[in-house]
Amino acid sequence: MEKSNEKLILLTGIFVSALTISNVIAGKLVNIGPFLVPVAVLCYPITFAVTDIVSEVHGKRTAQKMVWTGFFTSLILVIYSQIAVFYPPASIFANNEAFVKVFGSTPRIVLASILAYIISQTHDVWAFHFWKKVTRGSHLWLRNNLSTMVSQFIDTLTFITVAFAGTIPGNVLVQMIFSQYVVKLIMALIDTPFVYLGVKLISGQWTVKEGS
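Everything in this summary refers to the structure shown in the same document.

## What to know about the layout of surface pockets
- One number sums up the size of the largest pocket: a volume of about 820 Å³.
- Elements supplying a minimum of two residues to the lining of the largest pocket: α1 (2-25), α3 (60-86), α4 (96-103), α5 (107-134), α6 (140-164) and α7 (170-190).
- Approximately 310 Å³ is the volume found for the second largest pocket.
- If you trace the second largest pocket, you find 17 residues lining it, with Ile46, Ala49, Asp191, Phe194 and Val195 closest to the centre.
- Mapped onto the lining of the second largest pocket, the elements with two or more residues apiece are α1, α2 (45-58), α7 and α8 (192-203).
- No other element matches the six residues that α8 contributes to the lining of the second largest pocket.
- Among the residues making up the lining of the second largest pocket, the classes are represented as 15 nonpolar, one polar and one charged.

## Describing the packing of α2 against α8
- Here α2 crosses α8 at 40°, and the two axes come no closer than 9 Å. As summarised for this structure, α2 and α8 are arranged oblique, according to the angle between their axes. The two elements α2 and α8 meet at a crossing, and its hand is right-handed. Here Ala49, Asp52, Ile53, Glu56, Val57 and His58 of α2 come into contact with α8, specifically with Phe194, Val195, Gly198, Val199, Ile202 and Ser203.

## Section: the pairing of strand β2 (residues 35-38)
- By the bridge criterion, four bridges tie strand β1 (residues 29-32) to β2 in an arrangement that is antiparallel. Within β2, the position partnered with leucine 29 by the bridge is proline 38.
- Between β1 and β2, which pair antiparallel in sequence order, lie two residues; one of them, glycine 33, sits at a positive phi of approximately 65°.

## Here we look at α2
- For α2, built from 14 residues, the straight-helix expectation of 20 Å at 1.5 Å per residue is met to within 8% by its first-to-last C-alpha distance of 20 Å.
- In terms of residue burial, α2 counts as a mostly covered element, since 11 of its 14 residues are buried.
- Buried within α2 we find Pro45, Thr47, Phe48, Ala49, Val50, Thr51, Asp52, Ile53, Val54, Ser55 and Glu56.

## With respect to the pattern of salt bridges
- In this structure the tally under the stated criterion is three salt bridges.
- Note that arginine 143 is salt-bridged to glutamate 56, the shortest N-O span being 2.5 Å. Here the residue arginine 143 occupies a position in helix α6, and glutamate 56 occupies one in helix α2, the gap between them amounting to 87 residues. Comparing arginine 143 with glutamate 56 shows no difference in burial state: the two are buried.
- In the salt-bridge network here, residues are joined through shared partners; they are Glu56, Lys132 and Arg143.

## Some remarks on the nonpolar core
- Ranked by size, the top nonpolar core spans 26 residues in total, and within it Leu11, Val54, Met66 and Tyr117 carry the most contacts.
- By residue number, the principal contributor to this core is α5, which donates six residues.
- Setting aside residues no more than four positions away along its own chain, methionine 66 makes contact with Leu8, Leu11, Thr12, Phe15, Val50, Val54 and Tyr117.

About the criteria used
- Residues numbered from 1 in each chain as written.
- Predicted model: local features only at pLDDT ≥ 70, side-chain atom pairs only at ≥ 80, totals over all residues.
- Heavy atoms only, no water.
- 1 Å grid on protein atoms, 1.4 Å probe; cavity = no way out; pocket = protein on both sides within 12 Å on 5 of 7 lines; lining within 4 Å.
- Points joined across faces, edges and corners; volume = space filled by probe spheres on them.
- Helix = DSSP H or I, 4+ residues; strand = E, 2+ residues; numbered from the N terminus.
- Nonpolar A, V, L, I, M, F, W, Y, C, P; charged D, E, K, R; others polar.
- Axes fitted to C-alpha atoms, helices over the stretch in contact; angles between N-to-C directions.
- Parallel < 35°, antiparallel > 145°, perpendicular 65-115°, else oblique.
- Left-handed = near helix turned anticlockwise from the far one by under 90°.
- Contact = heavy atoms within 4.5 Å.
- Pairing = 2+ DSSP bridges.
- Expected span 1.5 Å × (residues − 1).
- Buried < 20%, exposed > 50% of the residue type's maximum accessible area, 1.4 Å probe, protein only.
- Salt bridge = Lys/Arg side-chain N within 4 Å of Asp/Glu carboxyl O.
- Core = buried A, V, L, I, M, F, W, Y, C linked by side-chain atoms within 4.5 Å.

Written out as structure tokens, the structure reads:
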């Protein structure tokens with residue numbers, strides 16, 4: 001039991017780290033092939049893989065607690081980031097303008113990020129267990145992909161719509177949603193082997209039926 005708790009703490013640490021890093025670096029836009037996306041899309045999908053591993057090994061309730069842990073972590077990040085932004089800089093600190101640009105997210109962007117997170121992550125936990133029941137505990141790869149693919153779409157649609165609707169043309173909004181979702185979809189497919197590996201390492205044995 002103690003080793004199991006240690007592994008759960010490690011997974012929680014990875015989850016919170018990936019979430020926090022994603023929130024901090026989300027402001028930078030990069031090109032991945034033909035797609036224009038926040039660089040956070042390379043890190044944020046890790047959170048969905050971790051919740052699927054925890055859901056498989058420790059159950060729905062524990063996974064949902066992890067989601068809420070991430071939610072409160074995000075709130076703490078937002079609060080202290082804003083304190084740091086508004087607190088007067090020392091006279092010798094010459095980079096305050098750059099600091100404010102990085103950490104001074106607008107309330108609308110912050111709201112969009114938190115709202116998208118809690119909706120998509122809650123759905124991911126629910127969907128994973130829904131498909132686990134449908135498949136009778138088999139086909140982890142199917143449960144992982146079906147839950148994550150839909151959750152990533154919900155996350156992308158919610159964030160882009162809440163953050164940018166009314167500020168950019170509708171066709172650009174749709175293009176941004178499409179671009180980010182395609183990249184997240186690819187990341188979701190890539191993470192499947194890592195979910196299997198994570199389940200094996202955390203539980204000590206495969207929890208899916210042979211050949212699934």
